[in-house]
Amino acid sequence: MKQAPLSHIIFLVGLLVFSCCTRQFPLQDNSSEFGTYADSISVDSMTLYLHQLMTADTSRHKADKAVIAFYNAPSFSFQQPLWFNDMGVSPDADSLLSFLRRQLPLAALDTTSFFLPQIAADLAIVHGLWFDSIGQSVNEVLPRLEYHLSKAFVRYCTGQRYGFIRPDQLFNHLEFKSGSENKNEYAQLFDYEVESPDYEESVVELSSPDRMLYLQASQPHGPVYEALAQQMLHATNNTERLTLAVNMERCRWQHRRFYDDSAKVLVNIPAQQLWAVNPDSVLNMRICCGAVTNKTPLLCSTITHMQINPDWIVPQNIVKSDFVRHAGDSAYFARNRYYIVDKSSGDTLRVEDVDAEDMRSNTLRIGQKGGAGNSLGRIVFRFMNNFGVYLHDTNNQRAFTYAKRTLSHGCIRLEKPYELACFLLPQADEWTIDCLRLSIDMTPLTPRGKKYLKEHPNERRPLRLLTYHNISPRVPVYLLYFTAWPNPSTGELEFYPDLYGYDKAILNSLAYILN
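So, a few notes on the structure that sits alongside this text. (Residues numbered from 1 in each chain as written. Predicted model: local features only at pLDDT ≥ 70, side-chain atom pairs only at ≥ 80, totals over all residues. Heavy atoms only, no water.)

**Quick look at the packing of aromatic side chains**
In step 1: According to the stated counting rule, one finds 34 aromatic pairs in the structure shown.
In step 2: Aromatic ring contacts, followed pair by pair, group Phe34, Phe70, Tyr71, Phe76, Phe78, Phe84 and Tyr147 into a single cluster.
In step 3: The cationic tip of Arg161 hangs over the ring face of Tyr214; the distance from NZ or CZ to the ring centre is 3.8 Å.
In step 4: Directly above the ring of Tyr390 sits Arg382, whose terminal nitrogen or CZ lies 4.3 Å from the centroid. (Phe/Tyr/Trp six-rings, centres within 6.5 Å; stacked < 30°, edge-to-face > 60°. Lys NZ or Arg CZ within 6 Å of the ring centre and 35° of its normal.)

Rendered as structure tokens:
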């Protein structure tokens, strides 16, 4: 057999070495969207350029970091990119661009923050085969397009599913705790259990054939978000758009929801209103909430029981702020029916024997006798929480005539406590309701109640026919903060003042992503 010339052997070996060192993009045929540029596509060149992009990326966004980790992993190779193949760019790339172009403005989100200008420009280059005319290599355009598409996808999906900010981290590092000996201790203002964003889930979905369905399913749902989104369609005023955007962000946070049809109590702080909601009825009332210096915390819990004519045990922070200046003033204590008890012995002390230093010592308990004139009013509704707050009646009904009702030390004062009690006791019999009415000096409704009142004209007030009642089933209560909110009574979207400045804090945190 005739041997091949030495020069041919050297050429073939060199070609083999070159092909190993410069890996080409796998091509199936010559019908690629990339045309003649398909022959220029190099896995190594694209990989090198992608790593340059990631090295230069200074983003601190966790979604971006998850994308970078994916592309840095050994499992990824441009032999199998996510957004294009040997035949051209995936149709999903154009679908993602079109989807985000429609949806981002509806949430006042900035298209630049989701790389839409860069994605649109690179898609135009690819579709028009303009690489040479603009002096850009196909091995630069394709990895850049790949990177921006993935970042946009993960940013949007995780942001819409979990929120673009962490509310617990924001609100619980917003201001220092008033009166704390530790000057660096932050006030806890937000106590919902919020689900952390699952960036890895969105990254995994990048490789899924159903990724566009996942993208579309990332849209938040629920009546509040939908009402806000509908209003955004017609909003032209920038201030209104930003207010809507902030409240849409609140709807993204993954915590316990209030959208089901069960009975519930909703307290919206900016509205200074409470709604007790049943599937077939809504009870609405005004509230007084915490002052700016004593903000009502945001939380959800369940109302477990109510107390009728309870004593008010004054919290120590209120003792220090409001009672120390009345130390030794027996007339003040008698007029308001306050008493002082030694915690260790249980003995009731004479007011004139207690000075300001004693009051500050936290060794005493100051209380107010229950009944008419008590600061808690006649009914208190209790629920578990970490702040010692509750819903209660008040001895100052005039406060509900004020436009601004940020007056309390954090608890919620109710305009209609009796009506709320009836809402929470739908199965109570007539006598139980009359016992409640008699105990809070309301006229009885039943013959039995009227007879009791007639037979006990001189019985000491308040009548204590009912002092405690369990709430069963327990009713969830939500302390919320929405400055744009569909009124549960009317369904109409209403706007409220930003009483605590939380909108401003959210806007500052969202500045990088809002239009």
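**Section: the packing of helix H4 (residues 91-106) against helix H7 (residues 138-162)**
What describes two packed helices is the angle between their axes and the distance between those same axes.
In step 1: Interaxial distance between H4 and H7 falls to 11 Å at its minimum, and their mutual angle equals 45°. With respect to each other, H4 and H7 are oriented oblique. Considering how the two elements wind past one another, H4 and H7 form a crossing that is left-handed. Judged by residue contacts, Ala93, Leu96, Phe99, Leu100, Gln103 and Leu104 of H4 engage Leu149, Ala152, Phe153 and Tyr156 from H7.
In step 2: Partitioning the contact of H4 with H7 into residue classes produces nine nonpolar, one polar and no charged. (Axes fitted to C-alpha atoms, helices over the stretch in contact; angles between N-to-C directions. Helix = DSSP H or I, 4+ residues; strand = E, 2+ residues; numbered from the N terminus. Parallel < 35°, antiparallel > 145°, perpendicular 65-115°, else oblique. Left-handed = near helix turned anticlockwise from the far one by under 90°. Contact = heavy atoms within 4.5 Å. Nonpolar A, V, L, I, M, F, W, Y, C, P; charged D, E, K, R; others polar.)

**Brief notes about helix H2 (residues 43-56)**
In step 1: With 14 residues, H2 extends 20 Å between its outermost C-alpha atoms, agreeing within 8% with the 20 Å of an ideal straight helix rising 1.5 Å per residue.
In step 2: For H2, every residue scored as buried is listed here: Val43, Met46, Tyr49, Leu50, Leu53 and Met54. What you see down the axis of H2 is that its buried residues fit within an arc of 140°, all on one side. What points out from H2, more than 90 degrees from its buried face, is the exposed set Leu48, Thr55 and Ala56.
In step 3: For H2, the secondary structure elements touched by its buried residues are helix H3 (62-72), strand E1 (84-85) and H7. (Expected span 1.5 Å × (residues − 1). Buried < 20%, exposed > 50% of the residue type's maximum accessible area, 1.4 Å probe, protein only. Arc of directions from axis to C-beta.)

**Digging into empty space enclosed by the protein**
In step 1: Enumeration over the complete set of coordinates arrives at two cavities of 30 Å³ or more.
In step 2: Counted as a void, the largest cavity has a volume near 120 Å³.
In step 3: Forming the walls of the largest cavity are 14 residues, and the residues nearest its centre are Trp253, His255, Leu480, Tyr481 and Phe482.
In step 4: Of all the secondary structure elements, the ones that give two or more residues to the lining of the largest cavity are helix H12 (238-252) and strand E15 (468-480).
In step 5: For the lining of the largest cavity, a count of residues per class yields eleven nonpolar, one polar and two charged.
In step 6: Estimated volume of the second largest cavity: approximately 40 Å³.
In step 7: Taken together, Val314, Gln316, Val319, Met359, Leu364, Arg365 and Ile366 make up the full set of residues lining the second largest cavity.
In step 8: Of all the elements in the fold, those that place two or more residues in the lining of the second largest cavity are helix H13 (316-323) and strand E10 (364-368).
In step 9: No other element matches the three residues that E10 contributes to the lining of the second largest cavity.
In step 10: In the lining of the second largest cavity, the residues fall into five nonpolar, one polar and one charged. (1 Å grid on protein atoms, 1.4 Å probe; cavity = no way out; pocket = protein on both sides within 12 Å on 5 of 7 lines; lining within 4 Å. Points joined across faces, edges and corners; volume = space filled by probe spheres on them.)

**A short note on the sheet that holds strand E8 (residues 338-342)**
In step 1: Ordered by their spatial adjacency, four strands build an open sheet running E7-E10-E8-E9, and the pairing between neighbours is antiparallel. Looking at which strands have only one partner, the edges of the open sheet turn out to be strand E7 (312-313) and strand E9 (348-349).
In step 2: Against the sheet, H13 contacts E7, E8 and E10, and its axis sits at roughly 75° relative to E10. (Pairing = 2+ DSSP bridges.)

**Some words on the layout of surface pockets**
In step 1: Considering only enclosed or pocket space, the largest pocket measures out at about 1,400 Å³ in volume.
In step 2: Asn294, Asn317, Ile318, His409 and Gly410 are the residues nearest the centre of the largest pocket, which is lined by 47 residues in total.
In step 3: With seven residues, H13 is the largest single contributor of residues to the lining of the largest pocket.
In step 4: Tallied by class, the residues present in the lining of the largest pocket amount to 16 nonpolar, 22 polar and nine charged.
In step 5: Quantified by volume, the second largest pocket comes out at close to 410 Å³.
In step 6: Taken together, 16 residues make up the lining of the second largest pocket; nearest its centre are Phe164, Ile165, Arg166, Tyr199 and Tyr512.
In step 7: Elements that contribute at least two residues to the lining of the second largest pocket include exactly H7 and helix H8 (167-171).

These values are about where atoms sit, not about what they do.
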